[in-house]
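# Commentary on secondary and tertiary structure
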Amino acid sequence: MSGIVVTDIVKIYSTRGKEVKALDGVSFEARKGEITSIVGHNGAGKTTMLKILSTLVIPTSGTATVNGYDVVKDEKKVRENIGLVTVSDRLFYYRLTGFDNLIFFGVLQGLSLSDAKRRANDVLELVDLYEWKNTQYMKYSTGMQRKLALARALLTDPPVILLDEPTLGLDPVSGRVFRENLQKLKKTVLLTSHYLKEVEDLSKRIIVFKKGHAVASGEPQELKSSIGKVYEGKVYEVPSGMERYVVKIEGNYAVMRLPEREIHNVELYDLREVTPTMDDVYVYFVEEGVDVTREGRRRGGARWRD
Ligand SMILES: Nc1ncnc2c1ncn2[C@@H]1O[C@H](COP(=O)(O)OP(=O)(O)OP(=O)(O)O)[C@@H](O)[C@H]1O
């Protein structure tokens, strides 16, 4: 079986006598040649999932295969089949150029020197960094650093690419270029992201994580349909437990936006149907109550890009 298949994965971390259940029976598939994204709050278990798939963390129970190889039993094969892109300051040697860094890591990954040079040129071209190949890494912008991290993951041309928050900190244009590069690859890609719009534009399928569970999955359109019709309206008193559906406060009323199936819980004025967005999907499946008096923290966080 190719692609990624995760079945009933549990991961419990034990630190200083305390146990944290980071994943609590997660199952999903990321199909071959498709881009699949995992979204979810901080601490939902996204990074842990990627660490398990890249053999850096061993699951407590359950199974996961990457291109048919078991992440525990076939650890070496899994590593040969993946390229991992993480956000870290320490991925590269600051004083070396982008090109020299890639050669260094290419050789480290088992390429001959001539192959490493050839591949370094190829992947620099692929991620639009070729013209900066002879610039020292320390002079790269954040966007260029991300591109080099992707280039490094592509050196051995692995069929599966795993990316943890690949566009974190990128400006909108660099983010778009990065997404275009990912789409060009035509590989099996599994990524985590906090940017719903990006995830929707980029992914064939989205998996929603909540507190160690995969609570929803499907194509963006399927997920939107799954929550049914969505309505927006005004309310003078927000019922307890419904705070997550508040979009903004205006004068003495709040504007709420919520799926039809939740409407019976609240008396809304000026009701109108709106087109469901991934934000609506996310709020429905993941969000817990947010403090409505903190308007700036609309929908629970400024980390989400509109
Ligand atoms: N090495 C570790 N030891 C102990 N607990 C850990 C460890 N790594 C992660 N955790 C815990 O496991 C849970 C899941 O963390 P994880 O980093 O996988 O979440 P995440 O969804 O990637 O979050 P974020 O969006 O903040 O990156 C959290 O409660 C976290 O504190």
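Residues numbered from 1 in each chain as written. Predicted model: local features only at pLDDT ≥ 70, side-chain atom pairs only at ≥ 80, totals over all residues.

With an unreviewed UniProt entry as reference, the protein chain is termed ATP-binding cassette domain-containing protein, source organism Sulfuracidifex metallicus DSM 6482 = JCM 9184.

## Quick look at the overall build of the protein chain
Looking only at helices and strands, the protein chain features 10 helices and 14 strands. Taken over C-alpha atoms, the radius of gyration comes to 22 Å for the protein chain, in line with the 19 Å a tight globule of 306 residues would show. Referenced to the eigenvectors of the C-alpha coordinate spread, the extents of the protein chain come out at roughly 70 × 40 × 40 Å. For the protein chain, restricting intrachain contacts to residue pairs at least 6 apart in sequence, the fraction spanning at least 24 positions comes to 67%. (Helix = DSSP H or I, 4+ residues; strand = E, 2+ residues; numbered from the N terminus. Rg over C-alpha atoms; globule rule 2.2 N^0.38 Å. Contact = placed C-beta atoms within 7 Å.)

## A word on the nonpolar core
Ranked by internal contacts, the top residues of the largest apolar core, which has 75 residues, are Val39, Leu53, Val66, Leu102, Val123, Ala151 and Leu162. A total of six residues in this core trace back to one element, the largest contributor, which is helix H5 (residues 142-154). Composition of this core by domain shows at least three residues from each of domain 1 (2-223) and domain 2 (228-297). Ignoring anything within four residues of it in the chain, the contact list for valine 66 reads Ile4, Leu53, Val71, Val78, Asn81, Ile82 and Val160. (Core = buried A, V, L, I, M, F, W, Y, C linked by C-beta atoms within 7 Å. Buried ≥ 20, exposed ≤ 12 C-beta atoms within 10 Å, placed from the backbone. Domains from an automatic or database assignment.)

## Digging into the site of the ligand
Close to the ligand lie Tyr13, Thr15, Val20, Ala22, Gly40, Asn42, Gly43, Ala44, Gly45, Lys46, Thr47 and Thr48. The element best represented in the shell around the ligand is helix H1 (residues 46-53), accounting for three residues. Taken together, the residues that form the shell around the ligand break down as four nonpolar, seven polar and one charged. (Near = placed C-beta within 6 Å. Nonpolar A, V, L, I, M, F, W, Y, C, P; charged D, E, K, R; others polar.)

## Overview of the sheet that holds strand S10 (residues 213-218)
The strand order across the open sheet formed by six strands is S6-S7-S8-S3-S9-S10, and the pairing between neighbours is mixed. Each of the sheet's edge strands pairs with one partner strand only, and the pair in question is strand S6 (82-85) and S10. This sheet shows a mean twist of 15° between the axes of neighbouring strands, independent of strand direction. Two elements, S6 and strand S7 (residues 160-164), share four bridges in a ladder whose sense is parallel. Within S7, the position partnered with valine 85 by the bridge is leucine 163. The sheet strands contacting H5 are S6 and S7, and the helix crosses S6 at an angle near 165°. (Pairing = 2+ DSSP bridges. Axes fitted to C-alpha atoms, helices over the stretch in contact; angles between N-to-C directions.)

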